[in-house]
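The lines below spell out each chain.
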Amino acid sequence: MDTESLSYSHPRTSPYKVGVPPKQKFWKEFATSLKETFLSDDPLRPFKDQSVPRKFILGVQAVFPILEWGRNYNLSKFKGDLIAGLTIASLCIPQDIGYAKLANLAPQYGLYSSFVPPLVYALMGSSRDIAIGPVAVVSLLLGTLLRDEIDPVKNPLEYRRLAFTATFFAGITQAALGILRLGFLIDFLSHAAIVGFMGGAAITIALQQLKGFLGIKKFTKNTDIISVLQSVFSSAHHGWNWLTILIGAAFLVFLLVAKYIVKQIEKGINHPSVGDIYFTGDYLLKGVRIGIVAGMVALTEAVAIGRTFAAMKDYQIDGNKEMVALGTMNIAGSLTSCYVATGSFSRSAVNFMAGCQTAVSNIVMSVVVLLTLLFITPLFEYTPNAILSAIIISAVIGLIDFDAAILIWKIDKFDFVACMGAFFGVVFVSVEIGLLIAVSISFAKLLLQVTRPRTALLGKIPRTNVYRNIQQYPEATKVPGVLIIRVDSAIYFSNSNYIRERLLRWLTDEDEKLKSGGLPRIQFLVVEMSPVTDIDTSGIHALEELFKSLEKRHVQLVLANPGPVVMHKLHASKFSNLIGEDKIFLTVAEAIETCSPKFAEED
């Protein structure tokens, strides 16, 4: 190879050079960033150029969406909602009684939580398909956290008061996230972590039902699999209740095939519970802590369900409105003897399949639950505990999503680690530890991606001027004397040193290969910066150090296609003067035309 062809003596052939955006005023730039962070959906757009009365109407409709879609409601839609509402009501009544048991509450409180919260959500929610009520995972989580503070058997009144307190602050947490436009925080719990957490919770819930299923009187209060199995087998020599086992097994088989309850249930509608909430005293902070945890888990599940069914029907839901609606309904619920309610996946799926059209299906379900509370609850008095356990087991089996876990394994092994970490944390330790593991692994993955971004060695696709990752396109050829590296991340203080060191390591490795093959060394390092969306002062400093290190090696640094934000900061920091304006190119192809013109003319 003629080394003279690599000399940096050829003028740039393109009439264009990388543009520097006009300088913006600080406050304007700050306001734009703030808007994109908290108001990315531009919620005030409908209010532009509207009269004051119209703005008032739009404001009321924004808080109560039912006033907007209710204007176009008709008999045809009501037929679909009526059928769907009756269907989910038939499903929710036995489930609510069982889920109340998971929360260590009397059965009527499960029914209460499917009466008031769905009514509030129907007024304020933006999802047409989500069905509201108690759910297994939140009931188990709430019951576990509450029982750590108060024994529900010895102190049932204090336990119930703490449950209402936790529900109140769960609602406050959810509504505050929506009002402050902080809904993006729930996205830190990844889908993989949720799959693992749900699966582990389903196993835990099913194991807890062995007490009623086997007729065991003395049963562990711990939720981990080891404690539960020890409790089960240690009671075997005292004798299990075989009649109970027979009844439970027969009913469970019926439920699993058909796919389709306990002590006396108090008759009547919800009692006011404002006076039961702890607003002072030692239990206040405990209620706040439990409420925040339960509220975040409930919020994550509800928003995920709402988005899923909205995508299936091709409409949009407002995540922040959903949070306000869910928070308001739980605040209202805490004042009317309800515990934490949220969107139920099983009920929402049934609601969807039954042909629901709007949130009126939740109203229909609430009316049916109301009639049940007023007239039918005495009929549940003699339902065996074994049947109740069978109902719960059949309901939670669907939470174990094997297909999702297999897909996660195929797509992303680190996601699978998060999934299994959450699963085993719940099964072998406790629900709260499993949740902590899920969040921790999700954050660890995020930090790893931020601090150790990907870089790629680029080569030229034959017969084109396109440069792509050599691993993805093995036919791509390297440019003699030029090393082209793409940085696939913004350059911040958290990763700037790593990126600098990684670029130098690329250079060292490539030089060693060339030296062993008797080929000319690298004279140009071209950094492809189109994926670099931003850079901070640490990033600029890292580039300056990289430039100095390359100078000592007699290698010239060349940048290709830096974006407007990056270009502005390169100019503001005078780095563009340090490197030279003539070494910043619009594309990699233009950089190669200058650095290695003979190679650029080939093909």
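Scope of this entry: the structure provided in the associated data block. (Residues numbered from 1 in each chain as written. Predicted model: local features only at pLDDT ≥ 70, side-chain atom pairs only at ≥ 80, totals over all residues. Heavy atoms only, no water.)

### Side note on the sheet that holds strand 6 (residues 524–528)
Alright, step 1. Taken together, 6 strands build an open sheet; the order of strands is 4-3-5-6-7-8 and the sheet is mixed. Edge positions in the sheet fall to strand 4 (467–469) and strand 8 (584–585), since each of these pairs with one other strand and no more.
Alright, step 2. In this sheet, strand 5 (residues 482–487) lies alongside strand 3 (residues 455–460) in antiparallel orientation, the contact comprising 3 bridges. Residue pairing across strands places Ala 456 opposite Arg 486, the latter belonging to strand 5. (Pairing = 2+ DSSP bridges. Helix = DSSP H or I, 4+ residues; strand = E, 2+ residues; numbered from the N terminus.)

### Quick notes on the side chain of Ser 489
Alright, step 1. Considering the arrangement of structural elements, one finds Ser 489 in the loop between strand 5 and helix 21 (496–516).
Alright, step 2. With near-sequence residues (within four places) excluded, Ser 489 lies in contact with Pro 453, Asn 495, Pro 531 and Val 532. (Contact = heavy atoms within 4.5 Å.)

### Digging into the packing of aromatic side chains
Alright, step 1. Inspection of every chain in the model, using the stated rule, returns 10 aromatic pairs.
Alright, step 2. Between Phe 168 and Phe 169, the aromatic rings sit 5.1 Å apart at their centres with planes inclined by 90 degrees, giving edge-to-face as the arrangement. As far as burial versus exposure is concerned, Phe 168 and Phe 169 are alike and both buried.
Alright, step 3. Between Phe 168 and Phe 279 the ring centres are 5.5 Å apart and the planes differ by 85 degrees, which places this aromatic pair in the edge-to-face class.
Alright, step 4. Take Phe 279: its relative accessible area is 43%, and that puts it in the partly exposed class.
Alright, step 5. Each member of the aromatic cluster is reached from another via a ring pair, and the members are Tyr 109, Tyr 112 and Phe 164.
Alright, step 6. The ring of Tyr 315 has Arg 128 lying over it, and the distance from NZ or CZ to the ring centre is 4.0 Å. (Phe/Tyr/Trp six-rings, centres within 6.5 Å; stacked < 30°, edge-to-face > 60°. Buried < 20%, exposed > 50% of the residue type's maximum accessible area, 1.4 Å probe, protein only. Lys NZ or Arg CZ within 6 Å of the ring centre and 35° of its normal.)

### Digging into the nonpolar core
Alright, step 1. Counting residues in each nonpolar core, the largest one holds 79 residues, and the members touching the most others are Leu 142 and Phe 197.
Alright, step 2. When near neighbours in sequence (up to four residues on either side) are disregarded, Phe 197 contacts Val 137, Val 297, Ala 422, Phe 423, Val 426, Val 431, Gly 434 and Leu 435.
Alright, step 3. Grouped together as the second largest cluster of nonpolar side chains are 36 residues, Ile 470, Leu 546, Met 567 and Phe 575 included. (Core = buried A, V, L, I, M, F, W, Y, C linked by side-chain atoms within 4.5 Å.)

### A short note on unusual backbone geometry
For residues other than glycine, phi is negative in most cases, and the peptide bonds are mostly trans.
Alright, step 1. At Arg 463, a position not held by glycine, the phi torsion is positive, near 60 degrees.
Alright, step 2. With a phi close to 55 degrees, Asn 561 is a non-glycine residue in the positive phi region.
Alright, step 3. On the secondary structure map, Asn 561 appears in the loop between strand 7 (556–560) and helix 23 (564–572).

### Notes on empty space enclosed by the protein
Unfilled space is identified by rolling a water-sized probe across the atoms.
Alright, step 1. Its volume calculated, the largest cavity comes out at about 30 Å³.
Alright, step 2. Contributing to the lining of the largest cavity are Ile 491, Ser 496, Ile 499, Arg 500, Leu 503, Ala 542, Leu 543 and Leu 546.
Alright, step 3. Within the residue set of the lining of the largest cavity, elements represented by two or more residues are helix 21 and helix 22 (537–552).
Alright, step 4. The element contributing the most residues to the lining of the largest cavity is helix 21, with 4 residues.
Alright, step 5. Classifying every residue of the lining of the largest cavity gives 6 nonpolar, 1 polar and 1 charged. (1 Å grid on protein atoms, 1.4 Å probe; cavity = no way out; pocket = protein on both sides within 12 Å on 5 of 7 lines; lining within 4 Å. Points joined across faces, edges and corners; volume = space filled by probe spheres on them. Nonpolar A, V, L, I, M, F, W, Y, C, P; charged D, E, K, R; others polar.)

### Here's the deal with the packing of helix 6 (residues 116–124) against helix 16 (residues 360–376)
Alright, step 1. The contact between helix 6 and helix 16 brings their axes to 8 Å, and the two run at 160 degrees. Taken together, helix 6 and helix 16 sit at an angle that is classed as roughly antiparallel. By crossing handedness, the relation of helix 6 to helix 16 is classed as left-handed. On the side of helix 6, the interface is formed by Pro 118, Leu 119, Tyr 121 and Ala 122, while helix 16 contributes Asn 362, Ile 363, Met 365 and Ser 366.
Alright, step 2. Residues belonging to the contact of helix 6 with helix 16 are distributed by class as follows: 6 nonpolar, 2 polar and no charged. (Axes fitted to C-alpha atoms, helices over the stretch in contact; angles between N-to-C directions. Parallel < 35°, antiparallel > 145°, perpendicular 65-115°, else oblique. Left-handed = near helix turned anticlockwise from the far one by under 90°.)

These figures capture arrangement, not role.
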